[in-house]
Amino acid sequence: MSDLKLITCRVLKGLAVLLVCLGLANTAQSQTSKPNTAWPKQAVRIVVTFTPGGAPDMLARVLAESWQQSLGVPVLVEYRPGYGGNIGADLVAKSEPDGYTLLIGTVGIHAINGALYDKMSFHPINDFTPISFLASTPNVLVVNKKLGVTNLHELIELAKAKPNELTFGSSGVGTSLHMSGELFKEMTGVQIRHIPYKGRAQSLPDLISGRISMLFDNLSSSLPLIKAGEVQALAVTTLKRSPAAPEIPTMAEQGLPGFEATSWFSLMAPANLPPSVQKRLNALTRQTLNQPDVRNKLLASGLDPAPGSPQELSKLIQAETNKWGRVIYKSGAKLEQ
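All figures in this text were calculated on a predicted structure; none of them were measured in a lab.

## A few points about the packing of aromatic side chains
Considering all chains together, one arrives at five aromatic pairs under this definition. Summarising the aromatic geometry, the rings of Phe168 and Phe216 are spaced 6.0 Å apart at their centres and angled 90 degrees between planes, so their arrangement reads as edge-to-face. Residue Phe168 is found in strand 5 (residues 167–170), and its partner Phe216 is found in strand 7 (residues 214–218); the two are separated by 48 residues along the sequence. Taken together through their ring pairs, the aromatic side chains of Phe168, Phe184 and Phe216 make up a single cluster.

This is the structure:
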């Protein structure tokens, strides 16, 4: 090979190596400058639509504690009570669908309020991305001990003898607790007045003091007071007795067959959440609630954890919407927000 050809080959090989190196450098620079979009990169907040101390708060704190350890970012619980959960739900519905603002959904928010309120500032189904069912709990009818009744039959007789004199409280208009009272009125024909509260923190002291006659509450919230003898439990609102309090009879056992009103809770995000974030949140929820210590803690409190798929949650919401829509229609109840 001539000297000229040899020099030419060496130059061409050198240029090829240089081009390859430049290409690798550009690729590395491009990968370095490309933003990391992995979730999460900042604090996550879980919005609870009732005051602290109830079942939604308990579930939010369980998730927050577990996630904070596994994700390495702060997970905050934020309280936005009012209007049967509508205030907090509206906040989440109008937040960015990025996985950093989540909601402890309730049967009231997603299956009752749409039929109960004349106008809603958000759509209970379309404005949310379902993540997972969390847990359910029976509602329980508890009365002031000075009322002098020990079973449902005695309460019904007293209410009929004193129309509109007895009052029942709930943790808010449109909640399953409120609807439990409306269903009770419809099935028994009694006339009792509804006293709504922002949450159990206000209603239970009023029940104990006698300012209200009775209260429909989540069993998980009232159980400590029932066991302490501060209130009298008359019935749970599920078709079967609760394993957490098997001594409390059902409504059906005491002459109201078919009476069923269960409080349930879910994890929701704003509509249009990226599927990858939805999948990650669902996996985190399942992992947390299936831990034996977490599960046992919730069961002992009257909550039955049962995380599932987003599709299963969507079907439940639709079925519950149809059920409570019929109850509200029959009762004629309508509210303005």
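Let us keep going from here.
## A few points about the layout of surface pockets
Empty space among the atoms becomes visible once a probe the size of a water molecule is rolled across them. Put simply, the largest pocket is a space of about 230 Å³. Every residue lining the largest pocket is counted, 14 residues in all, and those nearest its centre are Pro138, Ser242, Pro243, Gly302 and Asp304. Among the elements that take part in the lining of the largest pocket, strand 4 (residues 128–143) stands out by supplying three residues, more than any other. Considered class by class, the residues forming the lining of the largest pocket number five nonpolar, six polar and three charged.

## Some remarks on the pattern of salt bridges
Scanning the entire structure with this criterion turns up seven salt bridges. A salt bridge links Glu182 to Lys185; its shortest N-O distance comes to 3.7 Å. A residue pair is termed a helical-turn pair when its members lie 3 or 4 positions apart in one helix, as Glu182 and Lys185 do in helix 6 (residues 176–188) at three residues. For Lys185, a relative accessible area of 22% puts it in the partly exposed group.

What counts as what
All residue numbers here refer to positions counted from 1 along the written sequence of the relevant chain. Predicted model: local features are reported for residues with pLDDT of at least 70 only, side-chain atom pairs are reported and counted for 80 or more only, and whole-chain, interface and lining totals are derived from all residues. Only hydrogens and water are set aside when side-chain values are computed; all heavy atoms of the structure are taken into account. Here a Phe, Tyr or Trp ring, Trp counted by its six-membered ring, pairs with any other such ring whose centre lies within 6.5 Å, and the pair is stacked when the planes are under 30 degrees apart, edge-to-face when over 60, and tilted otherwise. We count a stretch as a helix when DSSP gives it H or I for four or more residues in a row; a strand needs E for two or more, and each element gets its number in order from the N terminus. Cavity: a set of points on a 1 Å grid over the protein atoms alone where a 1.4 Å probe fits but cannot get out. Pocket: an open set with protein on both sides within 12 Å along at least five of seven lines, its lining residues, like those of a cavity, having an atom within 4 Å of a point. Grid points are joined across faces, edges and corners, and a volume is the space filled by probe spheres set on the points. Three categories are distinguished: nonpolar for Ala, Val, Leu, Ile, Met, Phe, Trp, Tyr, Cys and Pro, charged for Asp, Glu, Lys and Arg, and polar for the others, with Gly belonging to the last. Whenever Lys or Arg places a side-chain nitrogen within 4 Å of a carboxyl oxygen from Asp or Glu, that contact is recorded as a salt bridge. Only protein chains enter the accessibility calculation, which uses a 1.4 Å probe. A residue is then buried if its area is under 20% of the maximum for its type, exposed if over 50%, and partly exposed in between.

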